[in-house]
Amino acid sequence: MIKLIASDIDGTLLQKGETAISERFFRQARRLMEQGVAICAASGRQYSSLKSLFAPVAEGMYFLCENGAVVYGPGMELLSKTVICRDTALELCRDILEIPDCEVLISGTNMSYLCPKTEDYVDHIRYFVGNNTTLLQEPEEMPEDFVKISAYYRPGAKVVEPLLAPKWKDIFQVAVAGECWLDFTLADKATGIRALCRHLGIEADRVMAFGDNYNDIPMLDAVGHPYLMDSAAPELRQRYSAQCRRPEDVLETL
């Protein structure tokens, strides 16, 4: 019997420009939670953004945030946090900022810290992504632990990846996390899922997970029942036999 269901957000629960989770998902989440199944949002987003997105059922959910670097339980109980060495984090931030037109997003436990080059970038994080934000003059002003560092590059994450990944791939989990986002963490979504399974006392073969992108691979490989969106890249579709159009299609069969 499935005891934990985790789903990625962008490209999985939110597709083709959608900005709100479907009522269809909320109906299934309520039903499954009443049956004792834990529901987890697994995303590169921060806690506040996710809690707002899942507001109708958020009080009973689990949140795997910042690509697994931070995990919260119901009532904002912090279950897990993976911290990056400050000196290493600052060097990476400087590398990102040295790339013309590339922005950095520094993640704390529940805050996004920006050293913005343009006001449009600030507006995007505050109003489109919906994150709590604090502006810094320099990354050295970061007032808390670093848990994730992201490069935001409008021409595309795959364009900027060759400029950053070769130097940092032996230290960090480096993952394309969306069209414009390249994420650097010591954790990945598997780290978060394993921490949550330990907390709940659940074995991996009782976990179902949904994803669509490269940063979902660790989570999908860590669970007994992985599902890939059929809109994912061809090389990912070759990797996973269980595929679906939307998570809701599968949840309705449980």
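As a reminder, the structure under discussion sits directly above these lines.
Residues numbered from 1 in each chain as written. Predicted model: local features only at pLDDT ≥ 70, side-chain atom pairs only at ≥ 80, totals over all residues. Heavy atoms only, no water.

Participant: How would you summarise the packing of aromatic side chains if you had to cite specific residues and measurements?
Facilitator: Considering all chains together, one arrives at 10 aromatic pairs under this definition. Between Tyr-47 and Phe-63, the ring centres sit 5.6 Å apart and the planes meet at 90°, which makes this aromatic pair edge-to-face. Highlighted residues: Tyr-47 in helix H2 (residues 47–53) and Phe-63 in strand S3 (residues 62–65), separated in sequence by 16 residues. We note that Tyr-47, like Phe-63, is buried. Members of the aromatic cluster, connected to one another through ring pairs, are Phe-25, Phe-26, Tyr-47, Phe-54, Phe-63 and Tyr-72. (Phe/Tyr/Trp six-rings, centres within 6.5 Å; stacked < 30°, edge-to-face > 60°. Helix = DSSP H or I, 4+ residues; strand = E, 2+ residues; numbered from the N terminus. Buried < 20%, exposed > 50% of the residue type's maximum accessible area, 1.4 Å probe, protein only.)

Participant: Which residues make up the nonpolar core, and what values do they have?
Facilitator: Of all hydrophobic cores here, the largest spans 33 residues; its most connected members are Ile-5, Ile-9, Ile-21, Phe-25, Phe-54, Phe-63 and Phe-210. Put simply, the parts of the chain that give this core at least two residues each are helix H1 (23–34), strand S2 (38–42), H2, S3, strand S4 (70–73), strand S12 (207–211) and helix H9 (247–251). A total of four residues in this core trace back to one element, the largest contributor, which is H1. Not counting residues up to four positions away in its chain, the partners in contact with Phe-63 are Cys-40, Ala-41, Tyr-47, Leu-50, Lys-51, Phe-54, Ala-58, Val-70, Val-71 and Tyr-72. Core analysis: the second largest hydrophobic core is formed by 26 residues, Val-104, Met-142, Phe-172 and Leu-182 among them. (Core = buried A, V, L, I, M, F, W, Y, C linked by side-chain atoms within 4.5 Å. Contact = heavy atoms within 4.5 Å.)

Participant: Hey, could you go over the pairing of S2 for me, with residue numbers and the actual values?
Facilitator: Taken across its five residues, S2 has five buried, putting it largely inside the fold. Where burial is concerned, the two faces of S2 agree: the one with Ala-38, Cys-40 and Ala-42 and the one with Ile-39 and Ala-41 are both buried. Note that S2 and S3 share three bridges and pair parallel. Each bridged residue has a counterpart across the sheet, and for Ala-42 the counterpart in S3 is Leu-64. In this region the chain leaves S2, passes through H2 and returns to the parallel neighbour S3; the handedness of that crossover is right-handed. (Pairing = 2+ DSSP bridges. Right-handed = clockwise from strand over helix to strand, strands pointing away.)

Participant: An account of unusual backbone geometry is requested, with residue identities and associated values reported.
Facilitator: Backbone geometry at Lys-16 places phi at a positive 50°, although glycine is not the residue there. On the secondary structure map, Lys-16 appears in the loop between strand S1 (4–7) and H1. Despite not being glycine, Met-76 shows a phi value in the positive range, around 60°. On the accessibility criterion, Met-76 (41% relative accessible area) is partly exposed.

Participant: Any details on the sheet that holds S4? Residues and values, ideally.
Facilitator: Pairing within the open sheet is mixed, and its eight strands lie in the order S5-S4-S3-S2-S1-S12-S13-S14. The sheet is open, and its two edges are formed by strand S5 (77–81) and strand S14 (243–244), each paired on a single side. Of the strands in this sheet, S1, S2, S3, S4, S5 and S12 are in contact with helix H6 (residues 189–200), which crosses S3 at around 150°. (Axes fitted to C-alpha atoms, helices over the stretch in contact; angles between N-to-C directions.)

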